[in-house]
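Report on the structure
One-letter residues, chain by chain:
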Amino acid sequence: MDRNILKQKIRERKKAKVRTKISGTKEIPRCSVFKSLKDVNIELIDDIEGKTIVSLNSSTLNLKGKKKTEKAYEAGKKLAEMAKEKGITNIVFDRNGYIYHGRVAQVAQGLRDGGLIF
């Protein structure tokens with residue numbers, strides 16, 4: 001089996017295991033993080049209704065020349081501001097099967113510095 005396919009299957013298994021334990025509501029949504037090679041996508045999701053409350057892609061912030069971890073931190077802060085406008089202060093953090101390290105940790109730090117509690 002190809003190494004990349006194996007890594008992807010392991011991440012999907014971890015993701016499914018975590019998702020059995022956590023879910024988001026309208027008052028306390030789930031913050032899901034997806035990282036691509038260049039950007040980070042962050043969403044606040046209400047799992048009961050199956051709707052995305054707020055979403056953000058780091059490429060929309062126009063942060064040219066910054067490192068990927070810096071972009072992730074700024075995206076987390078911006079999403080926290082957007083969530084505060086919607087009246088959301090508490091969230092459940094879903095790292096989506098990724099290791100809590102690097103860009104995922106920086107998103108979490110940006111969310112905390114933006115004022116969200118989890």
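Just so it is clear, the structure is predicted and the values come from calculations on it, not from any experiment.

1. So, the sheet that holds strand E3 (residues 51-57)
Spatial ordering of the open sheet is given by E3-E2-E1-E4, a layout of four strands whose pairing is mixed. The open sheet has two edge strands, E3 and strand E4 (92-94), and neither has a second partner. Averaged over all pairs of adjacent strands, the angle between their axes in this sheet comes to 20°, without regard to strand direction. The sheet contact formed by strand E2 (residues 40-46) and E3 spans six bridges and is antiparallel. Bridge pairing in E3 places Leu44 opposite Val54. Contacting strand E1 (30-35), E2 and E3, helix H2 (residues 68-85) runs over the sheet at an angle of about 140° to E3.

2. Considering the nonpolar core
Ranked by internal contacts, the top residues of the largest apolar core, which has 21 residues, are Cys31, Leu44, Leu79, Phe93, Val107 and Leu111. When residues of this core are traced back to their parent elements, those giving at least two are E1, E2, E3, H2 and helix H3 (103-113). For this core, the element with the highest residue contribution is H2, accounting for five residues. Those residues in contact with Phe93 that sit more than four places away from it in its chain are Ile22, Cys31, Val33, Tyr100, Val104, Val107, Ala108, Leu111 and Phe118.

3. Concerning unusual backbone geometry
One non-glycine residue, Asn62, lies in positive phi territory at about 55°. The residue Asn62 is located in the loop between E3 and H2 in this model. The class for Asn62 is exposed, based on a relative accessible area of 59%. One non-glycine residue, Asn96, lies in positive phi territory at about 65°. Within the element layout of this structure, Asn96 appears in the loop between E4 and H3. When its relative accessible area of 6% is taken as the criterion, Asn96 is described as buried.

Scoring rules and cut-offs
Residues numbered from 1 in each chain as written. Predicted model: local features only at pLDDT ≥ 70, side-chain atom pairs only at ≥ 80, totals over all residues. Heavy atoms only, no water. Pairing = 2+ DSSP bridges. Helix = DSSP H or I, 4+ residues; strand = E, 2+ residues; numbered from the N terminus. Axes fitted to C-alpha atoms, helices over the stretch in contact; angles between N-to-C directions. Contact = heavy atoms within 4.5 Å. Core = buried A, V, L, I, M, F, W, Y, C linked by side-chain atoms within 4.5 Å. Buried < 20%, exposed > 50% of the residue type's maximum accessible area, 1.4 Å probe, protein only.

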